[in-house]
Amino acid sequence: MTMLISSALQTAICHTAFIYAQDRRTSFVHKGVLQLSARARRWRRGENSPPGGLLCRSKVASHHLRVGEFIYGIKAGLTMSDGEVAAEESELYMGFDFGTSGARVMVIDGEGEICADGKQLYPAVHETEWASMWKDTLFTLIDAVPAQVRSRVVAISLDGTSSTTMVIDRKTGQPVTRPVLYNESRPQALATVEAIAPAKHTVLTGTSTLCKLVAWWMSEGSKLQTEVVMMHQADWLLSLLHGKLGITDYNNALKVGYDPELEEYPAWLTSQPYASLLPLVKEPGSAIGLVGQDIASTYGLREDCQVYTGTTDSIAAFLAARVTEPGEAVTSLGSTLAVKLLSTSRVDDSRYGIYSHRLGDKWLVGGASNTGGAVLRQLFSNEQLQELSAQIDPSKPSPLDYYPLPKVGERFPEADPNKEPRLSPRPDSDVEFLHGVLESIARIEGRAYAALDELGATPLKAVKTAGGGAQNVVWQRIRERVLGVPVSASTQTEAAYGAALLAFYGCKGLIRTSQKSYSTAS
Ligand SMILES: Nc1ncnc2c1ncn2[C@@H]1O[C@H](COP(=O)(O)OP(=O)(O)O)[C@@H](O)[C@H]1O
Ligand SMILES: O=C(CO)[C@H](O)[C@H](O)COP(=O)(O)O
């Protein structure tokens, strides 16, 4: 079964963004800078107004950030008078993306039109504050979506970074230890995990969720008296909305060892002493429960607003790209380089950091390299990337051979925790240096797709690009030359759009491929 995507979803004609004036009394938590979409900046400068509608300026006070004003592009069909929005009761769908450097919210309607869009970079907080910062970011973004939009949301979903692992007190719902992030490794647990898991299994890497759970269990968990449950970043954030702990999706659960084909945890895992910590697994986009009444009333959400299981950020980016043909792929060029190829065959080989996520009755084969935007951010500002990229001739290969990494360690297409970054020799010309970096990242992407092909995945025929790197057209041309297939930017590059689509699909029952996962959580 492929994703059933209503034809109306093929178009998105309206873009809305809200503008925040950052509260200068920023607390240590909210140093986040809220970014404007390019279109909102154009509206701001009066260069063009939203299609078919008026600009509505309203004040939306937020207890975290003073929201200077909200520019609400009104899609055709809504009329405005005196700053009020006509109460057209079309249903809206809200998606959140909690990526590596920031979080984003997008609200769409049943035709794929974006009716609200906002982003907040994560403020620099101590690791013990990560969970509370994510929680504050979630409610700040909800709070900043205008009441007229919030009141029409009927479904919410959310994506987070894969294998970002949390251990939660079942009584309080709060973390009993700090989250362990997607790119952190717990090699001390590898021998224990290797002793129980099958060869080449996805969990056989230090960055797997299972290694993080076992490392915690070995160090303190086995002595804990409190009843706890293991959750992922996406699950825990969603639980803040619906109030049920220990419910996840089979994309987030893959790296703790869940088998999405059998739709169960394997016996080699359920026989472990920590098996009781494993969350209940449902299909992505499955109904979990209604938004809590207190939250619905505080944020003006509908009492019948339903929360749906989420997914990981790179899968949400894949959903946003609306790829439906096997052989088509999405490369997410965010802080990392995550590759997802739609394949009719499943491929898993931890030696190369390759694993398959389930998507309906097909597979998203790929992995995530530590190369990508994080190392670019260390070397260049976004403005430099634009200026220098424009001076590169993408038709000419760079003679420079780097392995760009932000720090020691690589996950895919080599699973090598000791892989050293290689960024020398550095030429005098920054243009040549950037050319070498972009070309070297493209070569890693090429090796990644070649590895999938060698292991039997559906042959690659086209690549769409998501994430911050998708905007770089010169880089697309370099990648096209290196990969040997057409490369383009996804129409929608934001994972938050994919999370909103997941809420829509879940609400409309468009991804029902498993009876097991559709019983509402107890
Ligand atoms: N013009 C550009 N060319 C290539 N990369 C870019 C460009 N502009 C921004 N980026 C990169 O995009 C990354 C941010 O992308 P994003 O998808 O928001 O990341 P994430 O969600 O993983 O934090 C940054 O690391 C930045 O280096
Ligand atoms: O690198 C990441 C951080 O953005 C991705 O979340 C992750 O590693 C990709 O994993 P998955 O394939 O399970 O979505």
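Residues numbered from 1 in each chain as written. Chains lettered and ligands numbered in written order. Predicted model: local features only at pLDDT ≥ 70, side-chain atom pairs only at ≥ 80, totals over all residues. Heavy atoms only, no water.

- Named according to an unreviewed UniProt entry, the protein is D-ribulose kinase originating from Marchantia polymorpha.
- Taken directly from UniProt, the Catalytic activity (unreviewed entry) text for the protein runs: "D-ribulose + ATP = D-ribulose 5-phosphate + ADP + H(+)".
- Heading Sequence similarities (unreviewed entry) of the UniProt record for the protein holds this comment: "Belongs to the FGGY kinase family." (UniProt positions renumbered as here; feature names shortened; annotations may be inferred.)

**Some points on the pairing of strand 10 (residues 153–160)**
- Taking burial as the measure, the eight residues of strand 10 include eight buried ones, the bulk of the element.
- Examined bridge by bridge, strand 7 (residues 92–98) and strand 10 share seven bridges and lie parallel to one another. For Leu92, the partnering residue across the bridge sits in strand 10 and is Val153.
- With two bridges joining them, strand 10 and strand 17 (residues 311–312) adopt parallel strand pairing. Within strand 17, the residue paired with Gly160 across the bridge is Thr312. (Buried < 20%, exposed > 50% of the residue type's maximum accessible area, 1.4 Å probe, protein only. Helix = DSSP H or I, 4+ residues; strand = E, 2+ residues; numbered from the N terminus. Pairing = 2+ DSSP bridges.)

**A word on the domain arrangement of the protein**
- According to the domain assignment, the protein consists of domain 1 (92–314) and domain 2 (323–490).
- Using only C-alpha atoms to locate each centre, domain 1 and domain 2 end up separated by 26 Å.
- The partner domain 2 presents 21 residues to the 19 residues of domain 1 that form the contact.
- If you sort the residues of domain 1 by the area they bury against domain 2, Lys200, Leu254 and Ser314 come out on top, with a joint share of 30%.
- There are three salt bridges connecting domain 1 and domain 2.
- Residue Asp259 is joined to Arg346 by a salt bridge in which the shortest nitrogen-to-oxygen separation is 3.4 Å.
- For the side of domain 1 that touches domain 2, the residue count by class is five nonpolar, eight polar and six charged. (Domains from an automatic or database assignment. Contact = heavy atoms within 4.5 Å. Buried area = accessible area lost by both parts, 1.4 Å probe. Salt bridge = Lys/Arg side-chain N within 4 Å of Asp/Glu carboxyl O. Nonpolar A, V, L, I, M, F, W, Y, C, P; charged D, E, K, R; others polar.)

**So, helix 9 (residues 313–321)**
- Within helix 9, eight of the nine residues are buried, leaving the element largely enclosed by the surrounding structure.
- Among the residues making up helix 9, those that are buried are Ser314, Ile315, Ala316, Ala317, Phe318, Leu319, Ala320 and Ala321.

**Re the sheet that holds strand 23 (residues 487–489)**
- Taken in spatial order, the six strands line up as 20-21-19-18-22-23 in an open sheet, and their pairing is mixed. Looking at strand neighbours, the two that pair on one side only are strand 20 (355–359) and strand 23, the edges of this open sheet. Across the sheet, the axes of successive neighbouring strands diverge by a mean angle of 25°, strand direction being ignored.
- Here strand 18 (residues 328–333) pairs with strand 19 (residues 337–343) via five bridges, running antiparallel. Of the residues in strand 19, the one forming a bridge with Val330 is Lys340.
- Lying over the sheet, helix 13 (residues 473–483) contacts strand 18, strand 22 (462–466) and strand 23, oriented at roughly 150° with respect to strand 23. (Axes fitted to C-alpha atoms, helices over the stretch in contact; angles between N-to-C directions.)

**Overview of the UniProt feature "domain: Carbohydrate kinase FGGY C-terminal" (unreviewed entry) in the protein**
- UniProt tags residues 357–506 as "domain: Carbohydrate kinase FGGY C-terminal" (unreviewed entry).
- As annotated, residues 357–506 has a helix share of 42% and a strand share of 13%, and its two end C-alpha atoms lie 18 Å apart.

**Quick word on the UniProt feature "domain: Carbohydrate kinase FGGY N-terminal" (unreviewed entry) in the protein**
- Listed under "domain: Carbohydrate kinase FGGY N-terminal" (unreviewed entry) in the UniProt record, and renumbered for this structure, are residues 92–319.
- For the annotated span residues 92–319, helix accounts for 28% and strand for 25% of the residues, and the straight-line distance between the end C-alpha atoms is 18 Å.

**Comments concerning the site of ligand 2**
- In the vicinity of ligand 2 there are 14 residues, among which Ser162, Thr312, Ser314, Lys340 and Tyr355 approach most closely.
- Take Lys255: an N or O atom from its side chain is 3.1 Å from an oxygen atom of ligand 2.
- One of the side-chain N or O atoms of Asp313 is found 2.6 Å from an oxygen atom in ligand 2.
- In the complex, 98% of the free accessible area of ligand 2, which totals 370 Å², lies under the protein chains.
- Of all the elements in the fold, those that place two or more residues in the shell around ligand 2 are helix 9 and strand 20.
- A class-by-class count of the residues in the shell around ligand 2 yields three nonpolar, seven polar and four charged.
- Looking at the shell around ligand 2, you find at least three residues from each of domain 1 (92–314) and domain 2 (323–490). (Near = heavy atom within 4 Å. Polar contact = N/O pair within 3.5 Å; in protein donor to acceptor, adjacent residues only side chain to side chain. Areas by Shrake-Rupley, 256 points an atom, 1.4 Å probe, with all protein chains shown as cover.)

**Brief notes about the site of ligand 1**
- Residues in contact with ligand 1 amount to 18 residues; listed here are only the nearest, Thr100, Ser101, Ser335, Gly373 and Gly468.
- For ligand 1, an oxygen atom lies 2.3 Å from a polar atom in the side chain of Ser101.
- Within the side chain of Arg377, one N or O atom sits 3.1 Å away from an oxygen atom of ligand 1.
- For ligand 1, the accessible surface in isolation is 580 Å², of which the surrounding protein chains cover 89%.
- Where the shell around ligand 1 is concerned, the elements lending two or more residues are helix 10 (373–379) and helix 11 (382–389).
- For the shell around ligand 1, the element with the highest residue contribution is helix 10, accounting for four residues.
- Both of domain 1 (92–314) and domain 2 (323–490) provide at least three residues apiece to the shell around ligand 1.

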